[in-house]
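A look at the structure
Listed here are the chains, written in short residue letters.
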Amino acid sequence: MTLLHVTGARPNFPKAAPVIAALADLGERQRLVHTGQHYDDRMSEVFFRELDLPRPDVNLGVGSGSHAEQTAAILVGLEQEMLATRPAMVIVYGDVNSTLAAAIAASKLGIPVAHVEAGLRSFDMSMPEEVNRIVTDRLSDLLLCTSPDAIAHLAHEGAPADRIHLVGNPMIDTLLANLDRMDAERARASFGLPDDYLVATLHRPGNVDDPESAGELVALLHSAAARADIVLPLHPRGRAILEALGLDDHPRVHVVEPLGYLEFMSLVRGSRAVITDSGGVQEETTVLGVPCLTLRPNTERPVTITHGTNRLATHATLLPLLDAALSEEVVTTRRPPLWDGHAGARIAEVVVDWLAEHPRS
Ligand code: UD1
Ligand code: UDP
């Protein structure tokens, strides 16, 4: 009996690592598929070097493309993999195209699906991730939630209560397990940054695909750099457009390649504030107590606002919110329930119990 994990994009790797490790501790046989959605060394391989992740058993190598091209290629590759290995369950993570394709491929073959990070909703159907979340949840036999709001959304959508489990946040397991390896001072020095600096990451289509919006963002980031140096590990999605718009034409803007997990989290840990549109970074800053300004009109992670340091920002509010964050001496946060470093173990237990209760005929 084999459990199949499907990963493919950067945010999947820190979420899958603690789940795979916890299931290994329980003696489960597992396979790991990498779809190849992300493929640059710094978007993929670096996580396998740095985190407690086994090598993928197979890499489908799908690469980039339109949503249809990418999702279809993953579907075809995963169907072959699942027909060949007949896993007892497929475990999927987050809200990327690899997640959606894996849930569809498995459910069409009658293979149970467990969704880690189920029930998050931005209620913004213009985000591809929202479509992926809703469809994946509808197809999942186990809905493994990181926060109570997710449970409420799933219940409201009619998901059976016995499928839903509050398990905590495996992304935070990885963060807490690696805290000792995050040397903020060394990372700061290696980038030649002063004591007070900001970190920024931007990759949402709504921020970086449209030249007009991207141009406004560049101007805003230059104004932010007048307050403090900014280091920007740029996701490949927006790199060409942001650079063409002159993002790094400012002496205090430091544009760098995407960073490995440890270097990135070290920089975040030591920063005065973060400007981002990332899902994971909203969660990590909540736990680290670093002010986070999220350049989005909504978030599917409201606990990072109610419990953490996160604030939604528009082009109009970013600089005043940044000034407020920089003047804050003590940042107080409450960790969301069960963001305690043990989500992977809880997920493993729920999965193993479910399999025992649903023996394969
Ligand atoms: C994907 C996810 C998004 C997630 C993000 C995390 C979907 C629909 N989107 O967005 O939810 O927040 O990953 O990082 O699944 N590229 C490279 N090298 C790579 C990967 C991508 O150069 O290793 C470039 C390609 O030009 C590609 C573009 O980035 O076309 C976008 O990649 P894609 O995987 O389609 O979406 P992301 O924007 O990365
Ligand atoms: N991350 C990293 N290096 C970077 C940027 C991000 O290691 O340069 C890590 C970080 O832990 C973050 C995760 O990758 O939470 C996922 O990031 P991303 O913003 O790509 O995805 P999202 O969470 O928005 O889907």
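Placed above this text is the structure.
Residues numbered from 1 in each chain as written. Chains lettered and ligands numbered in written order. Predicted model: local features only at pLDDT ≥ 70, side-chain atom pairs only at ≥ 80, totals over all residues. Heavy atoms only, no water.

Within the chain, the regular secondary structure consists of 16 helices and 13 strands. The C-alpha atoms of the chain give 20 Å as radius of gyration, which agrees with the globular expectation for 361 residues (21 Å, within 12%). If one aligns the C-alpha atoms of the chain with their principal axes, the spans along those axes are about 65 × 40 × 40 Å. On the chain, roughly 14,300 Å² of surface is accessible, and the fraction owed to carbon and sulfur atoms is 53%. (Helix = DSSP H or I, 4+ residues; strand = E, 2+ residues; numbered from the N terminus. Rg over C-alpha atoms; globule rule 2.2 N^0.38 Å. Areas by Shrake-Rupley, 256 points an atom, 1.4 Å probe, with all protein chains shown as cover.)

In the vicinity of ligand 2 lie 18 residues, with R204, L259, S278, G280 and E284 positioned nearest. Take H203: an N or O atom from its side chain is 3.4 Å from an oxygen atom of ligand 2. Calculation on ligand 2 without its partners gives an accessible area of 530 Å², and the protein chains cover 96% of this total. Elements that contribute at least two residues to the shell around ligand 2 include exactly helix 12 (261–270) and helix 13 (279–288). No other element matches helix 13, which puts four residues into the shell around ligand 2. (Near = heavy atom within 4 Å. Polar contact = N/O pair within 3.5 Å; in protein donor to acceptor, adjacent residues only side chain to side chain.)

H38, N97, E129, H203 and R237 are the nearest of the 18 residues found near ligand 1. Interatomic distance of 2.9 Å between a side-chain N/O atom of Q37 and an oxygen atom of ligand 1. Out of a free accessible area of 750 Å², ligand 1 has 84% covered by protein chains. When contributions to the shell around ligand 1 are tallied by element, the ones reaching two or more residues are helix 3 (67–85) and helix 11 (236–244). Across the shell around ligand 1, the residue classes break down as five nonpolar, eight polar and five charged. (Nonpolar A, V, L, I, M, F, W, Y, C, P; charged D, E, K, R; others polar.)

Bringing the sheet that holds strand 7 (residues 164–166) into the picture now. With parallel pairing, seven strands are arranged side by side in an open sheet as 3-2-1-4-5-6-7. Because the sheet does not close on itself, it has two edges, and the strands there are strand 3 (58–59) and strand 7. Here strand 1 (residues 2–7) runs beside strand 4 (residues 89–93); their pairing, made up of four bridges, is parallel. Paired with L3 across the two strands is M89, which belongs to strand 4. Relative to the sheet, helix 16 (residues 343–357) contacts strand 1, strand 4, strand 5 (113–116), strand 6 (142–145) and strand 7, its axis offset from that of strand 6 by approximately 165°. (Pairing = 2+ DSSP bridges. Contact = heavy atoms within 4.5 Å. Axes fitted to C-alpha atoms, helices over the stretch in contact; angles between N-to-C directions.)

Where like charges cluster on the molecular surface, the negative patch consists of D162, E349, D353 and E357. Tracing the backbone shows D162 in the loop between helix 6 (148–156) and strand 7. Residue D162 is classed as exposed on the basis of its relative accessible area of 61%. (Patch = residues over 30% accessible without salt bridge, like charges linked within 9 Å, V, L, I, M, F, W, Y side chains within 5 Å. Salt bridge = Lys/Arg side-chain N within 4 Å of Asp/Glu carboxyl O. Lys, Arg positive; Asp, Glu negative; His and termini not counted. Charge placed at Lys NZ, Arg CZ, Asp CG, Glu CD. Buried < 20%, exposed > 50% of the residue type's maximum accessible area, 1.4 Å probe, protein only.)

Grouped together as the largest cluster of nonpolar side chains are 51 residues, with contacts concentrated most on M89 and V351. With seven residues, helix 1 (residues 12–25) is the largest single contributor of residues to this core. Not counting residues within four places of it along the chain, the set of residues in contact with M89 comprises T2, L3, L4, I111, P112, A114, L142, V351, W354 and L355. One finds A214, A225, V255 and A313 within the second-largest nonpolar core, a separate group that totals 30 residues. (Core = buried A, V, L, I, M, F, W, Y, C linked by side-chain atoms within 4.5 Å.)

Throughout the structure, instances matching the rule amount to three aromatic pairs. Ring centres 6.5 Å apart and planes at 55° place the aromatic pair F47 and Y261 in the tilted group. In this pair, F47 sits in helix 2 (residues 45–50) while Y261 sits in helix 12, placing the two residues 214 residues apart along the sequence. For F47, a relative accessible area of 4% gives the class buried. The structure contains a cluster of three or more aromatic residues connected by ring pairs, namely F13, F47, F48 and Y261. (Phe/Tyr/Trp six-rings, centres within 6.5 Å; stacked < 30°, edge-to-face > 60°.)

So, about the packing of helix 10 (residues 211–225) against helix 15 (residues 318–327). Packing of helix 10 against helix 15 leaves a shortest axis separation of 10 Å and a crossing angle of 25°. Between helix 10 and helix 15, the interaxial angle falls into the category roughly parallel. Note that helix 10 runs across helix 15; the crossing there is right-handed. Of helix 15, the residues touching helix 10 (which contributes L220, S223 and A224) are L318, L319 and L322. In terms of residue class, the contact of helix 10 with helix 15 is built from five nonpolar, one polar and no charged. (Parallel < 35°, antiparallel > 145°, perpendicular 65-115°, else oblique. Left-handed = near helix turned anticlockwise from the far one by under 90°.)

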